[in-house]
Amino acid sequence: MKVININSGLGNQMLAYCVVLSIQKENPTDTCYIETIIYDIPECNKVISQWYGYELEKIFNVKTPNVKSLFTEEQWQSIINEVKASEFWDKKWNYAPNICNALNHAGLHLINKKGDYLDPNSITYKETYSLIRQWKIKFLFKTSLGAHLRYWYNKKHEEKLKNIRAYPERLFLKTDEDIFTGMWLEFMYRGNHIEKIHDDILKTFVFPPFDTEKNIEFAKFLDSCNSVFIHARRGDSLQANSYCYKYGYFQRAVRYIKKHIDHPVFVFFTNTGSIEWCKENSRIFGLDYSKDQVYFVDWNIGEDSFRDMQLMTHCKHGIITNSSFGWWGAYLIQNPNKITISPSLEINTTHHF
């Protein structure tokens, strides 16, 4: 038995489900279950947004069995109560050992492969909470000097650094053990062999047909021109992406597109509430709205927000921030000559700046 945790928003859910696909590929005779307890705990949404709950079945008709199906309603409520009692959301989001323990107390025999964020000997702990690492990130991403040094250093040492977030052993785990794992987001980074499950991904993540005239017509328009989406992720991810807006990333990316694509048509996708900001800050994006052909998509909201990702896949090229939602839009573009640009060397796109 393999139990794969899924939480957070749609982009992360899709990355987590890729772990289901990779685990199934390595363990074809074993049974995979998903686990979505976090969506049943409202307190979690105050720490990490769970957006519109578990969406993979609603959008893509994913039918992988949920571990919840192994228990009675009374047993499942008891599991939820035990997980809630841990208050993991106030303890560095340390959900894995608490969920795994609750499932085991209810009768399973799972080995936690996700790790323990509070264990100082844990690889996950060392990677995430090292004080030196926190200081380094702050300097490299929150200061102008650090951002420029990082850019030029990465440019010079690309071959050495491009696989810095490659952990394929976490993703393609072959074992006879009953395990708890998942929510590894590494499939959006280079060196994790996503090509091994590429065909499975395309079969799994098939969007339902557009159901509004506006999206139908706009998708046709995107198909007909040299469309380039710009996913300007702000909102809850603004802190992680602030350097993209401050230190010239979008300007470099747009300049590259203009140099290599004839008559590009730029299309903005962003979170609700940021469209006006994007309209008022053309200089940050290296665009002249009076001369460049630019469109802003602002009509897919709430539970229809996934349609933005679907429209992105109709574009020929894409510019993204640090966002799994935007990354999926870029990854699923079918143009064989696509240019996809990200701000980080390790993100699996064709270019980075």
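Check the entry above for the structure.
Notes on the structure in this doc start here.

Conventions we followed
Residues numbered from 1 in each chain as written. Predicted model: local features only at pLDDT ≥ 70, side-chain atom pairs only at ≥ 80, totals over all residues. Heavy atoms only, no water. Helix = DSSP H or I, 4+ residues; strand = E, 2+ residues; numbered from the N terminus. Buried < 20%, exposed > 50% of the residue type's maximum accessible area, 1.4 Å probe, protein only. Contact = heavy atoms within 4.5 Å. Axes fitted to C-alpha atoms, helices over the stretch in contact; angles between N-to-C directions. Left-handed = near helix turned anticlockwise from the far one by under 90°. Nonpolar A, V, L, I, M, F, W, Y, C, P; charged D, E, K, R; others polar. Salt bridge = Lys/Arg side-chain N within 4 Å of Asp/Glu carboxyl O. Pairing = 2+ DSSP bridges.

Looking at the overall build of the chain
Right, so step 1: Counting its regular elements, the chain contains 16 helices and ten strands.
Right, so step 2: For the chain, the spread of C-alpha atoms along the principal axes amounts to about 65 × 50 × 35 Å.
Right, so step 3: A burial count over the chain gives 52% of its 353 residues as buried.
Right, so step 4: Residue pairs in contact within the chain that sit at least 24 positions apart in sequence constitute 70% of those at least 6 positions apart.

Describing unusual backbone geometry
Right, so step 1: Of note, glutamate 87 is a non-glycine position whose phi angle comes to about 50°, a positive value.
Right, so step 2: In this structure, glutamate 87 sits in the loop between α3 (73-86) and α4 (95-105).
Right, so step 3: Despite not being glycine, lysine 92 shows a phi value in the positive range, around 60°.
Right, so step 4: The topology assignment puts lysine 92 in the loop between α3 and α4.

A closer look at the packing of α3 against α4
Two quantities define a packed helix pair, namely the angle between the helix axes and the distance between the axes.
Right, so step 1: Running from amino to carboxyl end, α3 crosses α4 at an angle of 145°, the nearest separation of the two axes being 9 Å. Crossing geometry of α3 relative to α4 is assigned as right-handed. Across the interface between the two elements, Trp76, Ile79, Glu82, Val83 and Ser86 from α3 touch Asn98, Ile99, Asn101, Ala102, Leu103 and His105 from α4.
Right, so step 2: Across the contact of α3 with α4, the residue classes break down as six nonpolar, four polar and one charged.

Examining the pattern of salt bridges
Right, so step 1: Evaluation of the coordinates by the stated rule reveals 13 salt bridges.
Right, so step 2: The closest approach of N and O atoms between arginine 170 and glutamate 186, which form a salt bridge, is 2.5 Å. Of the two residues, arginine 170 sits in helix α9 (residues 168-171) while glutamate 186 sits in the loop between β4 (179-182) and α10 (198-204), which places them 16 residues apart along the sequence. Neither arginine 170 nor glutamate 186 differs from the other in exposure class; each is buried.
Right, so step 3: Where lysine 258 meets aspartate 292, a salt bridge forms, and the shortest distance between an N and an O atom there is 3.1 Å. Of this pair, lysine 258 sits in helix α13 (residues 249-260) while aspartate 292 sits in the loop between α14 (275-280) and β7 (293-297); the two residues are 34 residues apart in sequence, bridging distant segments of the chain.
Right, so step 4: One network of salt bridges, in which partners are shared, links Glu55, Lys58 and Glu303.

Examining the environment of tyrosine 17
Right, so step 1: Within the secondary structure, tyrosine 17 sits in helix α1 (residues 10-26).
Right, so step 2: Residue classification places tyrosine 17 among the buried residues on the basis of a relative accessible area of 6%.
Right, so step 3: Through-space distance from the C-alpha of tyrosine 17 to that of isoleucine 37 is 15 Å; in sequence the pair is 20 residues apart.
Right, so step 4: If sequence neighbours within four positions are ignored, tyrosine 17 has contacts with Ile6, Ile34, Leu56, Val62, Thr64, Thr204 and Phe205.

Observations regarding the sheet that holds β4
Right, so step 1: Strand order in this open sheet of four strands is β2-β1-β4-β3, and the pairing throughout is parallel. Two strands close off the open sheet at either side, each with one partner strand: β2 (32-35) and β3 (111-112).
Right, so step 2: The strands touched by α4 within the sheet are β1 (2-5), β2, β3 and β4, with β4 carrying the most contacts at an inclination of about 145°.

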